[in-house]
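# Analysis of the macromolecular model
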Amino acid sequence: MCQSELIHLAADLSFFHTDYLWRMPGSWSGYSYYSRPDFYEDVARIAARGIFDLLFFGDSAGTSEEYGGNHHTAVRYGVKWPWHDMMPMIPCMARAAHGVGFGITMSTTYHHPFYIARLFNALDHVTGGRIAWNAVTSRSKNEAANWGYDKLIEHDARYERAQEHLQVVRALWDSVEPDAIVLDRESGVFADPQKVHVLDFRGRYYNVRGPLPALPSPQGRPVIIQAGQSGPGMELAATYADLQFSTRRTLPSMKEHRAALDAKLSKAGRTPRDCGILWSVRVQVAESAAAAREKERAYLDAIPPEAGLIELSSMYGLDFSLLRRDMRLIDVADEVKAQNVHWGSFEEILKTTDPELTVEQLGRKFMTERILVAGGTPEMIADQLEEWHRETGANGGFMLGRGFSAPGNLREFVDLVVPELQRRGLGRRQYLGPTLRDNLLH
Ligand SMILES: Cc1cc2nc3c(=O)[nH]c(=O)nc-3n(C[C@H](O)[C@H](O)[C@H](O)COP(=O)(O)O)c2cc1C
């Protein structure tokens, strides 16, 4: 849904409080840790100053127990732990800052489509049309156990359920026509029943009568985000998503990914412009290249040596602490696939990394290089973003992810890189409309 060739900007706030970043300079400075809205409100104000489209919150209601076979490592280092439900922060941020949108994650595996449709309709009202739903199928074994499952549902079966889930959510959002509300005090008619439709949906997983008992929201259909990178994940994105997140690591791989998504979009009767991609990128910016290198060194120093293996374990559901460090990636692949967790992104690692690399070597690179990395002066960063953007069809933008502290690094990006993007005609100077869709579209 990106008609313009401008770079859309988003920031991934999923991990900036955890994963070693809580130790970084500029992280949480001046704020109480995690649980109060003033921090998030200030972050929203900073993002709005940089005309960001979206602040994004991933979610997984679990605690990784993979590394070492228990929760101790995740808790000791704060690896994706804690992970609060960020939904209540959304109205606070929306009131504090105008223009910027909010993406928040809910699982199609654990939450009923009626609940999600109703909740996101309400969030769309409260934010004045600035909400997006990141529809995930969920991959954490501990999360499955928290929701009462003995075992994680199999990968492709999760996606099959997700296809039906999204079909129902969208039908519920469409069940009340935009002009259904009459509010005629004279006649006493509140709404036109001809414009409010029963679904009577009966599927393999869900039976939903409908209609949605709600006023049509400002966007009608809140923006849908999808981040699966496997075949079924890409199909779900091609069918329903307005935006996809992607973690490709090299330009050839990004181009291949864009082409694969375009082919699937065309099969679904949609066009490439119907689904933009936000590429995850880790940015290290400073006034000089030397200062950027120094910041990078401080960031790397804050990460314990075993961090990569901890991260690999939590991502792929396998205890990497038990594997021989000299095993090659190619030897681990079958076991990773058998975990039924996150196959799409491991395939990407195999494709873009030397498959002869050992587990030990990958561990060292994994924390810091698993998404695109751009470091240096604002001009150097803008050169790099511009190249990636143009070479992949200028259809979406970037999601600042991993390795950035807040509010420190977000403020730096807004102060240093955004003006450079604007100067090049690649960054927006103002919001174009009140809703997230208005801004993503143009
Ligand atoms: C950038 C990105 C962000 C993601 N965010 C979440 C998240 O917040 N919660 C979650 O459960 N899964 C998340 N995922 C996982 C995917 O939604 C998907 O469930 C997972 O990648 C497995 O599907 P795949 O094999 O199609 O990649 C994310 C994936 C990517 C690439």
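First, a word on what this report is: a plain description of the structure on this page. For every chain, the first residue of the written sequence is number 1, and numbering continues from 1 onward in sequence order. Residue-level local features of this predicted model are given only where pLDDT is at least 70; pairs of side-chain atoms are given and counted only at 80 or more, and the full residue set underlies all totals for whole chains, interfaces and linings. Note that water and hydrogens are dropped before the side-chain values are worked out from all heavy atoms of the structure.

## Brief notes about unusual backbone geometry
Formally: By definition, any uninterrupted DSSP run of H or I lasting at least four residues is a helix, any uninterrupted run of E lasting at least two residues is a strand, and each is numbered from the N terminus. Three exposure classes are used, based on accessible area relative to the maximum for each residue type with a 1.4 Å probe and protein chains only: buried under 20%, partly exposed in between, and exposed over 50%.
W81 connects to P82 through a cis peptide bond whose omega is 5°. The topology assignment puts P82 in the loop between α2 (72-77) and α3 (89-96). Cis geometry marks the peptide bond from G210 to P211; its omega dihedral reads -5°. Within the secondary structure layout, P211 lies in the loop between β8 (207-208) and β9 (223-226). Its identity is not glycine, yet I51 carries a phi of approximately 50°, on the positive side. When you line up the elements, I51 lands in the loop between α1 (37-49) and β2 (54-57). For I51, a relative accessible area of 11% puts it in the buried group.

## A few points about the pairing of β9
The following threshold applies: Paired strands are those between which DSSP finds at least two bridges. With the strands aimed away from the viewer, a crossover counts as right-handed if its path from the first strand over the helix to the second runs clockwise.
Alternating positions in β9 separate into two faces, V223 and I225 on one and I224 and Q226 on the other, with burial throughout. Of the strand pairs in this sheet, strand β4 (residues 131-136) and β9 are connected by 3 bridges, and their pairing is parallel. Looking across to β9, one finds that N134 is bridged to I225. Note: β9 against strand β10 (residues 243-246), 2 bridges, orientation parallel. Paired with Q226 across the two strands is Q244, which belongs to β10. The handedness of the β9 to β10 crossover, carried by helix α7 (residues 231-240), is right-handed.

## Some remarks on the site of the ligand
The criterion, for reference: Any residue with at least one heavy atom within 4 Å of a molecule or strand is counted as near it. Pairing of N or O atoms within 3.5 Å defines a polar contact, subject to two protein rules: one partner must be a possible hydrogen donor and the other a possible acceptor, and residues neighboring in sequence count only if both atoms are side-chain atoms. Think of it as three bins: nonpolar holds Ala, Val, Leu, Ile, Met, Phe, Trp, Tyr, Cys and Pro, charged holds Asp, Glu, Lys and Arg, and polar takes everything else, Gly as well.
Taken together, 20 residues lie around the ligand, and D59, H155, Y159, S230 and H342 are the ones closest in. Side-chain polar atom of H155 to an oxygen atom of the ligand: 2.7 Å apart, as the coordinates give it. Residue assignment for the shell around the ligand shows that the elements contributing at least two residues are β4, α6 (155-174) and α12 (343-352). Of the residues in the shell around the ligand, the class split is 6 nonpolar, 13 polar and 1 charged.

## Describing the packing of α1 against helix α15 (residues 408-423)
Formally: As a rule, the C-alpha atoms of each element are fitted with a line to give its axis, helices using only the stretch in contact, and angles between N-to-C directions run from 0 to 180 degrees. When an angle is under 35 degrees it counts as roughly parallel; over 145 it counts as roughly antiparallel; between 65 and 115 it counts as roughly perpendicular; any other value is oblique. The crossing is said to be left-handed when, going from far helix to near helix, the turn is anticlockwise and less than a right angle, and right-handed when the turn is clockwise. Pairs of residues are marked as contacts when any of their non-hydrogen atoms sit within 4.5 Å.
Packing of α1 against α15 leaves a shortest axis separation of 9 Å and a crossing angle of 15°. Comparing their axes, α15 and α1 come out roughly parallel. Regarding α1 and α15, the two cross each other, and that crossing is left-handed. Across from V43, I46, A47 and R49 in α1, the residues of α15 making contact are L410, R411, V414 and D415. Per-class residue counts for the contact of α1 with α15 are 5 nonpolar, no polar and 3 charged.

## Description of the pattern of salt bridges
Inclusion rule: Every case where a carboxyl oxygen of Asp or Glu lies within 4 Å of a side-chain nitrogen of Lys or Arg is listed as a salt bridge.
Here the structure, examined in full by the defined rule, presents 27 salt bridges. For the salt bridge of K255 with E391, the shortest nitrogen-to-oxygen distance reads 3.0 Å. Residue K255 is located in helix α8 (residues 251-267), and its partner E391 is located in helix α14 (residues 378-391); the two are separated by 136 residues in the primary sequence. D301 is the partner of R297 in a salt bridge, and the nearest nitrogen-oxygen pair spans 2.5 Å. Of this pair, R297 and D301 both sit in helix α9 (residues 289-301), separated by 4 residues, roughly a single helical turn. On the basis of relative accessible area, R297 is assigned to the partly exposed category, the value being 42%.

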